[in-house]
Amino acid sequence: MKVLSMMGRRHFRLGQHRQFYRILRSTGVFIVITFFTVWVLLPLVFHYSPGLQRFIVFLHTVASHVDFSRPELLGLLGTRNFYLTTDKDVSVGMWHILPLSLVHSAPEVKSDERDAWFEKSLKNGDPIILYLHGNKGSRGEKHRIEMYNVLRQMDYHIITFDYRGYADSSAVDPSEEGLVMDGKVIFNYLLENAGTSPIFVWGHSLGTGVSCHAVSELCRENKCPRGLVLEAPFNNLHDEVLLNPLSRVFLHLPYFDWAFIDPLRKIGAEFQSDKHIVHITCPIVILHAHDDNIVPIELGRKLERAAQQRQLREGLPLKFIQFDAKFGYGHNHISRAPEFEAVIRDFISGA
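A quick note: this is a predicted structure, and the numbers were derived from the prediction, not measured.

Draft legend 1. Quick peek at the overall build of the protein. Of the regular secondary structure elements, the protein holds 11 helices and 8 strands. Residue burial in the protein is summarised as follows: out of 351 residues, 49% are buried. Total accessible area on the protein stands at roughly 17,200 Å², and carbon and sulfur atoms take up 57% of it.

Draft legend 2. Seen up close, the nonpolar core. Residues Leu130, Leu228, Phe271, Ile277 and Ile280 are the most contacted members of the largest nonpolar core, which totals 61 residues. Here Ile277 is in contact with Cys212, Leu230, Ile284, Leu303, Ala306, Ala307 and Arg310, once residues within four sequence places are set aside.

Draft legend 3. Quick peek at the sheet that holds strand β5 (residues 199-204). As summarised here, the arrangement of the 8 strands in space is β1-β2-β4-β3-β5-β6-β7-β8, forming an open sheet in which the pairing is mixed. The open sheet has two edge strands, β1 (79-87) and β8 (318-323), and neither has a second partner. Taking each pair of neighbouring strands and ignoring which way they run, the sheet shows an average axis angle of 20 degrees. Pairing geometry for strand β6 (residues 227-231) and strand β7 (residues 284-289), over 4 bridges, is parallel. For Leu230, the partnering residue across the bridge sits in β7 and is Ile286. With respect to the sheet, helix α3 (residues 112-121) is in contact with β1, β2 (90-97) and β4 (157-161), its orientation differing from that of β1 by roughly 80 degrees. Of the strands in this sheet, β3 (128-132), β5, β6, β7 and β8 touch helix α11 (residues 340-350), which is tilted by about 165 degrees from β7.

Draft legend 4. Local environment of helix α2 (residues 50-58). Turning to α2, its buried residues are Gln53, Arg54, Val57 and Phe58. Projection of α2 onto a plane perpendicular to its axis shows the buried side chains occupying an angular sector of 105 degrees, all on one side. Where α2 ends, the next residue or the one after it, Leu59, has phi of about 50 degrees, a positive value.

Draft legend 5. Highlighting the pairing of β4. By the criterion of burial, β4 is predominantly enclosed, with 5 of the 5 residues buried. Covered by surrounding structure in β4 are His157, Ile159 and Phe161 together with Ile158 and Thr160, the residues of both alternating faces. Both β3 and β4 contribute to a ladder of 4 bridges, which runs parallel. Bridge pairing in β4 places Ile128 opposite His157. Each parallel crossover has a hand, and for β3 linked through helix α4 (residues 142-153) to β4 it is right-handed.

Draft legend 6. Structural detail: the side chain of Asp182. Within the secondary structure layout, Asp182 lies in helix α5 (residues 176-193). On the basis of relative accessible area, Asp182 is assigned to the buried category, the value being 0%. If we skip the residues at most four places from it in the chain, Asp182 touches Thr86, Val90, Val92, Phe161, Tyr163 and Arg164.

Draft legend 7. The state of the cysteines, seen in detail. In total, this model carries 1 disulfide according to the counting rule given. Each disulfide pairs two cysteine sulfurs, and for Cys219 the partner residue is Cys224, the sulfurs being separated by 1.9 Å. Residue classification places Cys219 among the buried residues on the basis of a relative accessible area of 8%. Cysteine Cys212 is unpaired, with the sulfur of Cys282 as its nearest cysteine sulfur at 9.6 Å. Cys224 supplies the cysteine sulfur nearest to Cys282, a cysteine that is in no disulfide, at a spacing of 4.0 Å.

Draft legend 8. Structural view of unusual backbone geometry. Residue Asn222 is not a glycine yet carries a positive backbone phi of 60 degrees. By the element assignment, Asn222 lies in the loop between α6 (206-220) and β6. Located in the positive-phi region is Ala232, a residue other than glycine, with phi close to 55 degrees. Within the element layout of this structure, Ala232 appears in the loop between β6 and α7 (237-243). Its relative accessible area of 1% is what places Ala232 among the buried residues.

Draft legend 9. Structural context of the pairing of β7. Taken across its 6 residues, β7 has 6 buried, putting it largely inside the fold. Neither face of β7 is exposed, since Ile284, Ile286 and His288 on one face and Val285, Leu287 and Ala289 on the opposite face are all buried.

Draft legend 10. Examining the packing of α5 against α6 more closely. With their axes 9 Å apart at the nearest point, α5 and α6 run at an angle of 55 degrees to one another. Taken together, the axes of α5 and α6 lie oblique to each other. Seen from above, α5 lies across α6 with right-handed handedness. In this structure, α5 contributes Glu176, Leu179, Val180, Lys184, Phe187 and Asn188 to the contact, and α6 contributes Val210, His213, Ala214, Glu217 and Leu218. Of the residues belonging to the contact of α5 with α6, the class tally is 6 nonpolar, 2 polar and 3 charged.

Definitions and limits used
Residues numbered from 1 in each chain as written. Predicted model: local features only at pLDDT ≥ 70, side-chain atom pairs only at ≥ 80, totals over all residues. Heavy atoms only, no water. Helix = DSSP H or I, 4+ residues; strand = E, 2+ residues; numbered from the N terminus. Buried < 20%, exposed > 50% of the residue type's maximum accessible area, 1.4 Å probe, protein only. Areas by Shrake-Rupley, 256 points an atom, 1.4 Å probe, with all protein chains shown as cover. Core = buried A, V, L, I, M, F, W, Y, C linked by side-chain atoms within 4.5 Å. Contact = heavy atoms within 4.5 Å. Pairing = 2+ DSSP bridges. Axes fitted to C-alpha atoms, helices over the stretch in contact; angles between N-to-C directions. Arc of directions from axis to C-beta. Right-handed = clockwise from strand over helix to strand, strands pointing away. Disulfide = S-S within 2.5 Å. Parallel < 35°, antiparallel > 145°, perpendicular 65-115°, else oblique. Left-handed = near helix turned anticlockwise from the far one by under 90°. Nonpolar A, V, L, I, M, F, W, Y, C, P; charged D, E, K, R; others polar.

Okay, here's the thing in structure tokens:
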């Protein structure tokens, strides 16, 4: 009986060892598969997938459940929805949001006469804000509507639109060049219809990359806007990718640039605002919150340093307005700051 008992214990111990080795082997296989998937397969998939690259940069196919033809359902009374052709086979969806003082003067019934009234209203002398939004969603996102309402209460016209590939605009692949063209064509439309009303360009997030590129070209064509507002900007897409939280797990890879940066150049998405901004010859104000986790404030500071070259060369006005993290404005809600209205009024009146 003692011998049988000892043999039983020996078999039990052997069974335990076998189970341990099976677990160890399974764990090793899991680690190898995880390593291969995260640090080999995912970089390869990204490098060879232009569609995925465009989606990561532009987030243009994220659904936006908005009836663009009825902006009043979103609380935007006195708003005209219309479309403008910006390129061959490309049309972009737009809103003209009236200053608060004109809301109740606008014709209510949609017609050619109403459209003409809206265009004529651009000449009334109130500042016009051409708003270029960031990636993801549409011109009808809640935080963007919140911004429009603040600006319209300051008696500004707001012209906002969706780039090609977004929302109700033409379903074509977006690129930096294409978005810049959209912005420039709309700016020229405003030049033709604004009379002596001052036009300002306002970019937010990715829209700062579009607006810096577009405005630099407009200034070299002697069509510079009265001023440029950059809200939550980055200096260039390379640095934004490096500091993005999603990139941290890959940064140590010796082939990081090959996998994630070089493909963005190939699809025409560099957004080198630090190079474009030196050619902008109008006043600039930069707005950035310390708790911005999407575009860190240090990238806004880098862009400011690039823009300071203009001051050294020509003494052009430049302001950097920062907002403390304790207020929680983050990436999308700087317009909630109590001093926001005063900051913008001061900039627009002084430009």
